[in-house]
Amino acid sequence: MGEAGATVVCTGRSSVTGRGRSDYERPETVEETAELVTRLGGIGLAVPTDHLDPEQVRKLAERVGNEYGRIDLLVNDIWGAERLKGGPAEWNTPIWRHDLSAGLRILRLGVETHLITSHYLLPLLISRPGGLLVEVTDGTTAYNAERYRISVFYDLAKVAVNRLAFSQGHELVPYGAAALAVTPGWLRSEMMLDNFGVTEDNWRDALRPNRSDGYPTAPEGFASSESPRYVGRAVAAVAADPHRGRWNQRSVTSAELAREYGFTDIDGSQPDAWAQHPTA
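From a predicted model like this one, the values you see are computed outputs, not experimental measurements. (Residues numbered from 1 in each chain as written. Predicted model: local features only at pLDDT ≥ 70, side-chain atom pairs only at ≥ 80, totals over all residues. Heavy atoms only, no water.)

Peer 1: What am I meant to see in helix H7 (residues 228-240) here?
Peer 2: Counted at 1.5 Å a residue, the expected span for H7 with its 13 residues is 18 Å, and the 19 Å between its end C-alpha atoms agrees. Among all positions of H7, only Tyr-230, Val-231, Ala-234, Val-235, Ala-236, Ala-237 and Val-238 are buried. (Helix = DSSP H or I, 4+ residues; strand = E, 2+ residues; numbered from the N terminus. Expected span 1.5 Å × (residues − 1). Buried < 20%, exposed > 50% of the residue type's maximum accessible area, 1.4 Å probe, protein only.)

Listed below in C-alpha cells is the structure:
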C-alpha cells in the first residue's frame, strides 16, 4: 500500500516503546513497518495495539476516526500462533492429546482478534461506499474444505478466517462495501528466512543440498515461495479496482490475483505455491 501512495496505519504488539511484546519475541516492530511504508512512497503511522484487548482496539478506532474520518481498506492479517502450532513432529496430534491451553490460545490469536478488530473498525469502513475488508489466512475455502490442517485448533482457525470474509461480506453489501479472503503461498517471512539461515537477497541458497552452514535445506516447494510484498501487491490491486465488489465473499490466493491483475513479486516473477493443488 505504501508503493501505491496510501496512508497506512500499522498496528501490532511489538514496538520500540517496549510496552508490548508478541508471542514470537521477534525484533521487528510496527515502527519499522511504518518506516518501510513511508520509504516506498506512502505515509506510515505506527500505533502499537494488542488486538486481543478490546479497549486498545477501541482507542485505535477512536484515534483513526478523529484523525482520518474513515477507513478505505482494512487488512486483517493477525495471527501470532506460529510457535503454538508446533513443528511437523507435533502435527496430527489428536485433540484429546493436544495441549488445551495452547490450542485455545491459537483460536484467540487467530480468530478472536479478527472479531474484535472488525467490531471496532468496520464502522469507519462503511462510512461511505467502496470500502474493502481483506482477511488474510492460510489456504482457500476450497483447499481447506478437503484437507485436515495440522490440528483441530489450527484447522478451525484457518477455516474460520475464510468464513469471516464470507459472513462479513454479507453484512457489508448494504453499505456498498466488500470483504475478501486472501491467502499467500509459502511466505518468506523474517521468521521463515531465519529458519533457513538466509535473507531475502539470497533466499534461494536455502535450496542448496548438503548445506555446510548448519541450517536445513529447504524443501523443493520453497522454490515457489513468495515475499510478503507479493500478497501486499495483491491487496493493493484489488483495492485499486473500481469493480472490487466482484470479489465480495470470495477466497483467493495471491497468485490468482497476480494472474488477474498482472502484478509480480519483487523479483519480477509470479510464484504460485498452490499450483500443485488444483482445488486451491
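Peer 1: How should the nonpolar core be read in this particular structure?
Peer 2: Side chains of a nonpolar character, in soluble globular proteins, are inclined to be buried together. Membership of the largest hydrophobic core comes to 18 residues, with the highest contact counts inside it found for Val-182, Leu-257 and Phe-263. Elements that contribute at least two residues to this core include exactly strand S4 (132-136), strand S5 (178-183), H7 and helix H8 (254-261). Here this core takes six residues from H7, the largest share from any one element. In contact with Phe-263, other than residues within four places in its own chain, are Tyr-230, Arg-233, Ala-234, Ala-237, Ser-254, Leu-257, Ala-258 and Gln-270. Ile-71, Leu-125, Ala-177 and Ala-179 belong to the second-largest nonpolar core, a separate cluster that totals 15 residues. (Core = buried A, V, L, I, M, F, W, Y, C linked by side-chain atoms within 4.5 Å. Contact = heavy atoms within 4.5 Å.)

Peer 1: How do you make sense of the packing of aromatic side chains when you look at a structure like this?
Peer 2: The geometry of an aromatic ring pair is captured by the separation of the ring centres together with the interplanar angle, meaning the angle of the planes. Counted by the stated rule, this structure contains seven aromatic pairs. Judged by centre distance (5.7 Å) and plane angle (80°), the ring pair of Trp-79 and Tyr-154 falls under edge-to-face. One end of the pair, Trp-79, is in the loop between strand S3 (73-76) and helix H3 (100-125); the other, Tyr-154, is in helix H5 (residues 152-172), with 75 residues separating them in the sequence. A relative accessible area of 15% means that Trp-79 is categorised as buried. Taking 5.6 Å as the distance between ring centres and 85° as the angle between the ring planes, the aromatic pair formed by Trp-203 and Phe-222 counts as edge-to-face. (Phe/Tyr/Trp six-rings, centres within 6.5 Å; stacked < 30°, edge-to-face > 60°.)

Peer 1: Explanation requested: helix H2 (residues 54-68) in the structure shown.
Peer 2: An α-helical turn contains 3.6 residues, so any two residues separated by three or four positions project in the same direction. Compared with the 21 Å implied by 1.5 Å per residue over 15 residues, the 21 Å span of H2 between its first and last C-alpha is a close match. Looking only at H2, the buried set comprises Val-57, Leu-60, Ala-61 and Val-64. Buried residues of H2 fall within an arc of 95° about the axis and therefore sit on the same side. Here the buried face of H2 lies against strand S1 (7-12), strand S2 (43-48) and H3. Looking at where H2 begins, the residue whose side-chain oxygen comes 3.0 Å from the main-chain nitrogen of Glu-55 is Asp-53. Trailing H2 by a residue or two, Gly-69 shows a phi angle of about 85°, which is positive. (Arc of directions from axis to C-beta. Polar contact = N/O pair within 3.5 Å; in protein donor to acceptor, adjacent residues only side chain to side chain.)

Peer 1: I would appreciate a short explanation of the domain arrangement of the chain in the present structure.
Peer 2: It is common to report an interface's size as the accessible area lost on association of the parts. Under the domain assignment, the chain is made up of domain 1 (49-186 + 226-261) and domain 2 (188-225). Distance between the C-alpha centres of domain 1 and domain 2: 27 Å. Contacts between the two partners involve five residues from domain 1 and, on the opposite side, 11 residues from domain 2. Surface buried jointly by domain 1 and domain 2 totals about 640 Å² across both partners, of which 68% is contributed by carbon and sulfur atoms. Remark: the boundary between domain 1 and domain 2 carries zero salt bridges. (Domains from an automatic or database assignment. Buried area = accessible area lost by both parts, 1.4 Å probe. Salt bridge = Lys/Arg side-chain N within 4 Å of Asp/Glu carboxyl O.)

Peer 1: I keep staring at the pattern of salt bridges and nothing clicks. Help me out?
Peer 2: Taken as a whole, this structure holds 22 salt bridges when the rule is applied. With a closest N to O distance of 2.7 Å, Arg-188 and Glu-200 form a salt bridge. Of the two residues, Arg-188 is situated in the loop between S5 and helix H6 (190-195) and Glu-200 in the loop between H6 and H7; the sequence distance between them amounts to 12 residues. The exposure class assigned to Arg-188 is buried, which follows from its relative accessible area of 3%.

Peer 1: Please clarify how a nonpolar patch on the surface should be interpreted in this entry.
Peer 2: On the surface, Ile-95, Trp-96, Tyr-148 and Val-152 cluster together into a nonpolar patch covering about 460 Å² of accessible area. Relative to the assigned elements, Trp-96 resides in the loop between S3 and H3. (Patch = residues over 30% accessible without salt bridge, like charges linked within 9 Å, V, L, I, M, F, W, Y side chains within 5 Å. Areas by Shrake-Rupley, 256 points an atom, 1.4 Å probe, with all protein chains shown as cover.)

Peer 1: Looking at this structure, I do not really get unusual backbone geometry. What am I missing?
Peer 2: Apart from glycine, the bulk of residues carry a negative phi angle, and the bulk of peptide bonds sit in the trans form. Notably, Glu-25 is not glycine yet its phi reads approximately 55°, a positive angle. Of note, Glu-25 is situated in the loop between S1 and helix H1 (30-39). Owing to a relative accessible area of 49%, Glu-25 belongs among the partly exposed residues under this scheme.

Peer 1: I tried to follow the side chain of Asp-265 on my own but got confused; where do I start?
Peer 2: You can see Asp-265 is positioned in the segment after H8. Of the side chains bearing the opposite charge, Arg-188 lies closest to the buried Asp-265, which forms no salt bridge; the N-O distance is 4.0 Å. There is a polar contact of 2.5 Å between the side chain of Asp-265 and the side chain of Ser-227. The contacts of Asp-265, once residues within four sequence positions are left out, are Arg-188, Glu-226, Ser-227, Tyr-230, Arg-233 and Pro-271. (Lys, Arg positive; Asp, Glu negative; His and termini not counted.)

Peer 1: I'm lost on the environment of Glu-28 in this one. Help?
Peer 2: Within the secondary structure, Glu-28 is located in the loop between S1 and H1. Sequence separation between Glu-28 and Ser-14 is 14 residues; the distance between their C-alpha atoms is 6.9 Å. In contact with Glu-28, not counting residues within four places along its chain, are Ser-14 and Glu-190.

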